Amino acid sequence: MSQWVGDRLDMPLRKLAVILAAGIVAGCAEDAAPTTNEARSAAVVSREELSVGDPVDHLSVPLLLQADGLESVSLQQLRGSTVVLEFWATWCAPCVAVMDHLNEVANEFRHESDVKFISITAESADTVRGFLQRKSMDTWIGLDPDRKLHRAFGVQTIPQSILINSRGELAGFISPTQLNAKLIRGVQDGALIDTNASRSILVAGRDPSSDTSKPPLMQFVLRESAVNSTGGSFAVSGTAWTILGESPEVLISQVFGLQSTRTVFDVDFPDQRFDLIAKFPGSPRDAKRLLRSALASAFEVKTRQEERQVDLLVLNTSSDGKHALTPTVSTGGSSMSANQTEIIVVNGSPANAIPTLESKLDCPIIDETNLGQEYDFSVRWQADAPAEEIADAFTAATGLQLTREQRAIEFTVVERR
């Protein structure tokens, strides 16, 4: 059991959510060359060539691996089967992160010959074979070196799932995290996937309420939101932001990169939610500086640093330096995603999980593992699990230790100008 106690720090906004880019902006741009340890932001998925309901059985997969002896296949040959195409790459960390889920879905249909799963990549056979020695994929592997399939389906960001019904028609586009047996069986029964949500996916720097075809070169919009329920939505990419339906505390925390466990809000904000749509020219650093200045001016606040002595958790390896982390299988990109019951890190370090873990445990965490950015690991816990169970799940999954200490750390104080 983790050596920590559940005392809560006497600080406001304990329930500030750690907003993560999972499901909205977690993706890899297909037109960018892979760069080691480079986190990629998602591009807009443009599907100009094919629409839902269009016939696609004129297309083919020219090269196949682990496909029951087949070296190639046309979608015409698969007529009568429901086909799930998954676009991915070995360097795409979000693709790696979702593979276990895709394997689980594929295995639900392993005894049904009328459902085929084909994972499509533009990489070479040698690259893919090397990857498969480290990470299993329970699907056929399709090689698309000329990117003909990528272009035909308008795939500009991965991972991306595409379903084809037994009549050889495009049944819909979907994020692989949303793929499940029920959805596939619906396609088997003739259903088409409602892709309005995915087509109107939130795009960083773009106002979803506007139909303007030409986006502004620079903008800063802060307005009262029509969203009244808790939990907004967001997209962030480089020099652009779209954050909808969030409180001032969350907006400031996101823009300034603040952790709720290390932040004190010494200011009363209106009890309402806001939309923020911003885009600035220049480098990401310059854009963020301009956005922070604009947001602070709009809410009439400033920040300062203050050292405080608090109880916290120290993350470390065991006394012999051992841990349970495994070397990454990603050939390039890095990814960290999280939701209410899990953390998934690909090609990263324990430090990548700390912001989410701090929020879940309601306590600052200091990383003293000195481990590099080259590991894959996942941590899962039950919904509504208490903090102690989440801490135990983390230590069990990583082999690392969490111990309670009292130290002085720096806090950010947000106050009126």
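Everything below is about the structure shown above.
Residues numbered from 1 in each chain as written. Predicted model: local features only at pLDDT ≥ 70, side-chain atom pairs only at ≥ 80, totals over all residues. Heavy atoms only, no water.

## Topic: helix H10 (residues 387-398)
Taking 1.5 Å of rise per residue, the 12 residues of H10 would be expected to cover 16 Å, and the 17 Å separating its terminal C-alpha atoms lies within 8% of that figure. Every buried residue belonging to H10 is among Ile390, Ala391, Ala393, Phe394, Thr395 and Thr398, and all of these are buried. Turning to H10, the residues buried within the fold contact strand S16 (301-316), helix H9 (354-361), strand S21 (375-380) and strand S22 (401-416). Remark: glycine 399 follows H10 within two positions and exhibits a positive phi of approximately 75 degrees. (Helix = DSSP H or I, 4+ residues; strand = E, 2+ residues; numbered from the N terminus. Expected span 1.5 Å × (residues − 1). Buried < 20%, exposed > 50% of the residue type's maximum accessible area, 1.4 Å probe, protein only. Contact = heavy atoms within 4.5 Å.)

## Focus on the side chain of serine 119
Relative to the helices and strands, serine 119 resides in strand S6 (residues 115-121). We classify serine 119 as buried; its relative accessible area is 4%. A distance of 2.8 Å separates the side chain of serine 119 from the side chain of threonine 139, its partner in a polar contact. Contact partners of serine 119, with chain neighbours within four places excluded, come to Glu86, Trp88, Met137, Thr139, Trp140, Ile141 and Gly142. (Polar contact = N/O pair within 3.5 Å; in protein donor to acceptor, adjacent residues only side chain to side chain.)

## Brief notes about the state of the cysteines
Covalent bonding between the sulfur atoms of two cysteines defines a disulfide. Throughout the structure, instances matching the rule amount to one disulfide. With its sulfur 2.4 Å from that of its partner, cysteine 92 forms a disulfide with cysteine 95. Between cysteine 92 and cysteine 95 the sulfur-sulfur dihedral comes to about 80 degrees; the bridge is accordingly right-handed. Per residue, the accessibility class of cysteine 92 equals that of cysteine 95, and both read buried. (Disulfide = S-S within 2.5 Å.)

## Re helix H5 (residues 181-188)
Along H5, the residues that are buried comprise Ala181, Ile184 and Val187. Considered in projection along H5, the buried side chains sweep an arc of 120 degrees and stay on one side of the axis. N-cap assignment for H5: the residue whose side-chain oxygen lies 3.2 Å from the backbone N of lysine 182 is asparagine 180. Phi turns positive, to about 105 degrees, at glycine 190, one or two residues after H5. (Arc of directions from axis to C-beta.)

## Overview of unusual backbone geometry
Backbone torsion omega between isoleucine 158 and proline 159 reads 0 degrees, so that peptide bond is classified as cis. The residue proline 159 is located in the loop between strand S8 (157-158) and strand S9 (160-164) in this model. Even without a glycine there, the phi angle at aspartate 68 is positive, about 55 degrees. Mapping aspartate 68 onto the fold places it in the loop between strand S3 (63-65) and strand S4 (73-74). Unusually for a residue other than glycine, asparagine 347 sits at a positive phi of about 55 degrees. One can find asparagine 347 in strand S19 (residues 342-348).

## Quick word on the pairing of strand S12 (residues 233-237)
In terms of strand pairing, S12 meets strand S13 (residues 240-246) through five bridges, oriented antiparallel. Following the sheet pairing, valine 236 is matched in S13 by tryptophan 241. In this antiparallel pair of consecutive strands, S12 and S13, the connection spans two residues, and glycine 238 shows a positive phi of 65 degrees. (Pairing = 2+ DSSP bridges.)

## Describing the nonpolar core
Grouped together as the largest cluster of nonpolar side chains are 43 residues, with contacts concentrated most on Leu85, Phe87, Ile118, Phe153 and Ile158. In terms of residue count, the dominant contributor to this core is helix H1 (residues 93-97) (four residues). Setting aside its immediate chain neighbours within four residues, isoleucine 118 contacts Leu64, Val73, Leu78, Val83, Val84, Leu85, Glu86, Trp140 and Gly142. In terms of nonpolar packing, the next biggest core, distinct from the first, is built from 24 residues, Ala353, Leu361, Cys363 and Tyr375 among them. (Core = buried A, V, L, I, M, F, W, Y, C linked by side-chain atoms within 4.5 Å.)

## So, the pattern of salt bridges
A complete count under the given rule lists 15 salt bridges for this structure. The salt bridge partner of arginine 407 is glutamate 405, with a shortest N-O separation of 2.9 Å. The partly exposed category is assigned to arginine 407, whose relative accessible area is 24%. Note on glutamate 405: relative accessible area 31%, which makes it partly exposed. The network of salt bridges with common partners includes Arg304, Glu306, Arg308 and Glu415. (Salt bridge = Lys/Arg side-chain N within 4 Å of Asp/Glu carboxyl O.)

## Side note on the sheet that holds strand S18 (residues 335-338)
Spatially, the four strands line up as an open sheet ordered S17-S21-S19-S18, and their pairing is antiparallel. The sheet terminates laterally at strand S17 (326-327) and S18, the two strands that pair on one side only. Pairing of S17 with S21 involves two bridges; the strand directions are antiparallel. Residue pairing in the sheet places proline 327 in a bridge with tyrosine 375 of S21.

## Details of the packing of H9 against H10
It is the contact of H9 with H10, at a shortest axis distance of 9 Å, that shows an interaxial angle of 150 degrees. Relative to H10, H9 is oriented roughly antiparallel. The segment H9 lies against H10, with Leu357, Lys360 and Leu361 engaging Ala387, Ile390, Ala391 and Phe394. (Axes fitted to C-alpha atoms, helices over the stretch in contact; angles between N-to-C directions. Parallel < 35°, antiparallel > 145°, perpendicular 65-115°, else oblique.)

## Overview of empty space enclosed by the protein
Summed over all chains, the structure comprises three cavities of 30 Å³ or more. Of the volumes computed, that of the largest cavity is approximately 80 Å³. Every residue along the wall of the largest cavity is listed here: Val84, Glu86, Met99, Leu102, Asn103, Phe117, Ile118, Ser119, Met137, Thr139 and Leu179. Taken together, the residues that form the lining of the largest cavity break down as seven nonpolar, three polar and one charged. Estimated volume of the second largest cavity: approximately 40 Å³. What lines the second largest cavity is simply Leu75, Leu78, Arg79, Gly80, Ser81, Val83, Ile164, Asn165, Ser166 and Gly168. Class assignment for the residues of the lining of the second largest cavity results in four nonpolar, five polar and one charged. (1 Å grid on protein atoms, 1.4 Å probe; cavity = no way out; pocket = protein on both sides within 12 Å on 5 of 7 lines; lining within 4 Å. Points joined across faces, edges and corners; volume = space filled by probe spheres on them. Nonpolar A, V, L, I, M, F, W, Y, C, P; charged D, E, K, R; others polar.)

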